[in-house]
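In case you want the letters, here they are:
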Amino acid sequence: MKGFEMIEMKVPDMSCGHCEATIRKAVGKLDPAARCDVDLATKHVRVNSALPPSDFVEALEEAGFPATLLGAVA
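Residues numbered from 1 in each chain as written. Predicted model: local features only at pLDDT ≥ 70, side-chain atom pairs only at ≥ 80, totals over all residues. Heavy atoms only, no water.

(A) Highlighting helix 1 (residues 17-30). Relative to the 20 Å expected for 14 residues at 1.5 Å per residue, helix 1 spans 20 Å between its end C-alpha atoms, a close match to the ideal helical length. Looking at helix 1, one finds that the buried residues are Cys19, Ile23, Ala26 and Val27. Down the axis of helix 1, the smallest arc covering the buried residues is 95°, so these residues share one side. In helix 1, the exposed positions angled more than 90 degrees off the buried face are occupied by His18, Lys25 and Lys29. (Helix = DSSP H or I, 4+ residues; strand = E, 2+ residues; numbered from the N terminus. Expected span 1.5 Å × (residues − 1). Buried < 20%, exposed > 50% of the residue type's maximum accessible area, 1.4 Å probe, protein only. Arc of directions from axis to C-beta.)

This is how it looks when you write it as structure tokens:
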């Protein structure tokens with residue numbers, strides 16, 4: 001099994017606590033073991049997970065928050 005990666009995404013449409021909660025829920029639904037850090041001020045989301053980064057980009061888009069992958073570091 002692949003190890004955990006820190007995945008960083010830019011989510012320009014998030015602006016409030018409700019947005020943050022929706023993003024955290026989408027990440028948790030995809031990977032309940034993932035650690036998710038949301039920074040509303042910079043509009044960045046960081047996820048620590050073994051799943052592919054593209055899965056999280058897709059999950060956020062489906063939740064109504066299109067994201068741009070900034071990078072993933074093992």
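The discussion continues.
(B) How the structure looks around helix 2 (residues 53-62). Inspection of helix 2 places Pro53, Phe56, Val57, Ala59 and Leu60 among the buried residues, and these make up the whole buried set. The buried residues of helix 2 occupy one face: seen down the axis, they fall within an arc of 165°. Buried residues in helix 2 make contact with strand 1 (5-10), helix 1, strand 3 (44-49) and strand 4 (68-73). Where helix 2 terminates, the next one or two residues include Gly64, which has phi positive at roughly 95°. (Contact = heavy atoms within 4.5 Å.)

(C) Examining unusual backbone geometry more closely. Phi is positive for Lys43, which is not a glycine, with a value near 65°. Note on placement: Lys43 falls in the loop between strand 2 (35-39) and strand 3.

(D) Seen up close, the sheet that holds strand 3. Read from one edge of the open sheet, 4 strands run 2-3-1-4, paired in antiparallel fashion. At either end of the open sheet lies a strand with only one pairing partner, and these are strand 2 and strand 4. Taken pair by pair, the neighbouring strands of this sheet meet at an average axis angle of 15°, ignoring direction. Here 5 bridges tie strand 1 to strand 4, and the two strands are oriented antiparallel to one another. From the neighbouring strand, Glu8 faces strand 4, where its bridge partner is Gly71. Along the sheet, helix 1 makes contact with strand 2 and strand 3, crossing strand 2 at roughly 160°. Each of strand 1, strand 3 and strand 4 is contacted by helix 2, which is oriented at about 35° to strand 1, the strand it contacts most. (Pairing = 2+ DSSP bridges. Axes fitted to C-alpha atoms, helices over the stretch in contact; angles between N-to-C directions.)

(E) Representation of the nonpolar core. In this structure, Met9, Val11, Met14, Ile23, Val45, Val47 and Leu60 are the most contacted members of the largest nonpolar core, which totals 18 residues. Mapped by element, the contributors of at least two residues to this core are strand 1, helix 1, strand 2, strand 3 and helix 2. Top contributing element to this core by residue count: helix 1, with 4 residues. (Core = buried A, V, L, I, M, F, W, Y, C linked by side-chain atoms within 4.5 Å.)

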